[in-house]
Amino acid sequence: MSTERTAVRPDHAIGRWLASLFPDGEAIDGEAPLELVAEAADPPKLAQATVIEGRDLRAIDVGDTLEVAIAAFLDGRQESTVKMYRPGGVPIVAGTIGAVIRERRDRRMFTWSHRVDQRIYVPARYLNEADRRALDTSGANVRDTTAGTPDAIEHPLTLRELARNLVRNDRESLEHALAKEWCAVETRPLLIDGGISAAQPIARSACAIGVVKSHRTLYVQGDALRATLGLEAAQRTSVFSINPEKRAPVASWYLRLRDRAGRDPMWGLVRVEVSAPAGRDDIGARADEVSRWILAEAAPLALPDGRWDKMVYGVRDCEEFLRAVM
């Protein structure tokens, strides 16, 4: 296990540092974090998936014998704020990213490993030469938000969105690094907040369990969609295979954590991802077992988080830890 924390400047110190670097600039104070700015969401969509447990997708009871078997939880957090605008409305963004694995020992939570890092995000293509040189020689960890985006226009809102996306990518990379560390030395189950298909070593590991709370993409349609949205508490769907482009294939299924009576159809609904089965693995028995592990984490409630219907308490504990150290 390891813990790393780079020098993280508080907001006011970043403003002073930028003012010293760019005496002709004016530090921005009080602008809302980019994570709170309304983002153009991808439209909801239905995607294809192949059922690999039986012929048709159906609802399956996972049994009422719950077992506390998940050893640790992984989650990440990010904060990004525009700290200065350079000529032409070019934003300079300070981004702080963090990720943590919290391990449960004797019913108490301990930090197995965590990382916190702070970086400066700028669209280098639209900075003048003097500003680029000043940042290059500042010693700061500077990330170019326009690298690899040749079509990015210099609209300030576009440049802010590029910064937010790169901060998110960096935070996900931090999460993947921690997950790889766990999977390299541990065999005990690690519950990861989100999917596991983005990194091959994680997607192939038997210890990694991804729990996806958002459903902008549903991997069911027609009768399968109706069966999924009709799941009762402690029921799961048949297992299906997801093989996204440029990502690793995984086995997945939907699981209802709580009674949804009087709620919307996706209340308490999560999608679980585990490594794709090899050879004659009984993926149905594996899905039942993992589902019972997750259901055992449904209490205590992750209140006061507004996503408590889909969030297990261990993930909320990770978020509280990161909120305290970032």
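In case you missed it, the structure is sitting above this.
It should be emphasised that the depicted structure is a prediction, and the values quoted were computed from it without experimental measurement.

Chemist: Is there a simple way to think about the environment of R86 in this case?
Modeler: Checked against the element boundaries, R86 lands in strand 5 (residues 72-86). Residue R86 is classed as buried on the basis of its relative accessible area of 5%. Separated by 190 residues in the primary sequence, R86 and A276 have C-alpha atoms spaced 49 Å apart. Among residues more than four places away in sequence, those in contact with R86 are F22, D24, G25, I92, L127 and D131. Side-chain polar atoms of R86 contact the side chain of D131, separated by 2.7 Å.

Chemist: What is the right way to look at the side chain of K310 in this model?
Modeler: Along the polypeptide, K310 turns up in the loop between helix 6 (283-295) and helix 7 (313-325). For K310, a relative accessible area of 15% corresponds to the buried category. One polar contact links K310 to D309, side chain to side chain, over a distance of 3.0 Å. Ignoring sequence-local partners within four residues, the contact set of K310 consists of K213, H215, L257, M266, W267, G268, L269 and V270.

Chemist: Before we go on, may I ask you to explain the nonpolar core in this structure?
Modeler: Grouped burial of nonpolar side chains is what soluble globular proteins tend to show. In terms of nonpolar packing, the biggest core is built from 41 residues, with I101, W182, L190, I192 and Y254 touching the most fellow members. Beyond its immediate sequence surroundings of up to four residues, L190 is in contact with A72, F73, L74, I101, A179, W182, C207, A208 and I209. Ranked by size, the runner-up nonpolar core spans 30 residues in total, among them V211, W293, M311 and V315.

Chemist: Can you walk me through the packing of aromatic side chains in this structure?
Modeler: By convention here, two paired aromatic rings are described through the distance between centres and the angle between planes. Scanning the model with the defined rule gives 4 aromatic pairs in all. An angle of 25° between the planes, with centres 6.5 Å apart, marks the rings of Y219 and F240 as stacked. Taken together, the positions of Y219 in the loop between strand 11 (217-218) and helix 5 (223-229) and F240 in strand 13 (residues 240-242) put the pair 21 residues apart, joining distant regions of the chain. Taking the relative accessible area as the measure of exposure, Y219 reaches 18% and is therefore buried. Since its relative accessible area comes to 1%, F240 is described here as buried. With a centroid separation of 5.4 Å and 85° between ring planes, the pair formed by W267 and W308 is classed as edge-to-face. Taken together, the residues span a long stretch of sequence, with W267 in the loop between strand 14 (250-256) and strand 15 (269-275) and W308 in the loop between helix 6 and helix 7 at a distance of 41 residues. We classify W267 as buried; its relative accessible area is 11%. In textbook terms, an aromatic cluster arises when at least three aromatic residues are bridged by ring pairs, as seen for Y219, F240 and Y254.

Chemist: Could you clarify how one ought to interpret the pairing of strand 6 (residues 90-105) in this entry?
Modeler: One face of the sheet, then the other: side chains in a regular strand alternate in exactly this way. A large share of strand 6 lies buried, amounting to 14 of its 16 residues. As paired strands, strand 5 and strand 6 are joined by 14 bridges and run antiparallel to one another. Residue pairing in the sheet places R86 in a bridge with V90 of strand 6. Counted between consecutive antiparallel strands, the loop separating strand 5 from strand 6 contains 3 residues, among which G88 sits at a positive phi close to 90°.

Chemist: Is there a simple way to explain the state of the cysteines in this structure?
Modeler: A covalent bond between the sulfur atoms of two cysteines is referred to as a disulfide. Throughout the structure, instances matching the rule amount to 0 disulfides. Free cysteine: C183, not disulfide-bonded; nearest cysteine sulfur from C207 at 3.3 Å. Taking the relative accessible area as the measure of exposure, C207 reaches 4% and is therefore buried.

What counts and how
- Residues numbered from 1 in each chain as written.
- Predicted model: local features only at pLDDT ≥ 70, side-chain atom pairs only at ≥ 80, totals over all residues.
- Heavy atoms only, no water.
- Helix = DSSP H or I, 4+ residues; strand = E, 2+ residues; numbered from the N terminus.
- Buried < 20%, exposed > 50% of the residue type's maximum accessible area, 1.4 Å probe, protein only.
- Contact = heavy atoms within 4.5 Å.
- Polar contact = N/O pair within 3.5 Å; in protein donor to acceptor, adjacent residues only side chain to side chain.
- Core = buried A, V, L, I, M, F, W, Y, C linked by side-chain atoms within 4.5 Å.
- Phe/Tyr/Trp six-rings, centres within 6.5 Å; stacked < 30°, edge-to-face > 60°.
- Pairing = 2+ DSSP bridges.
- Disulfide = S-S within 2.5 Å.

Shape descriptors only; they carry no functional weight alone.
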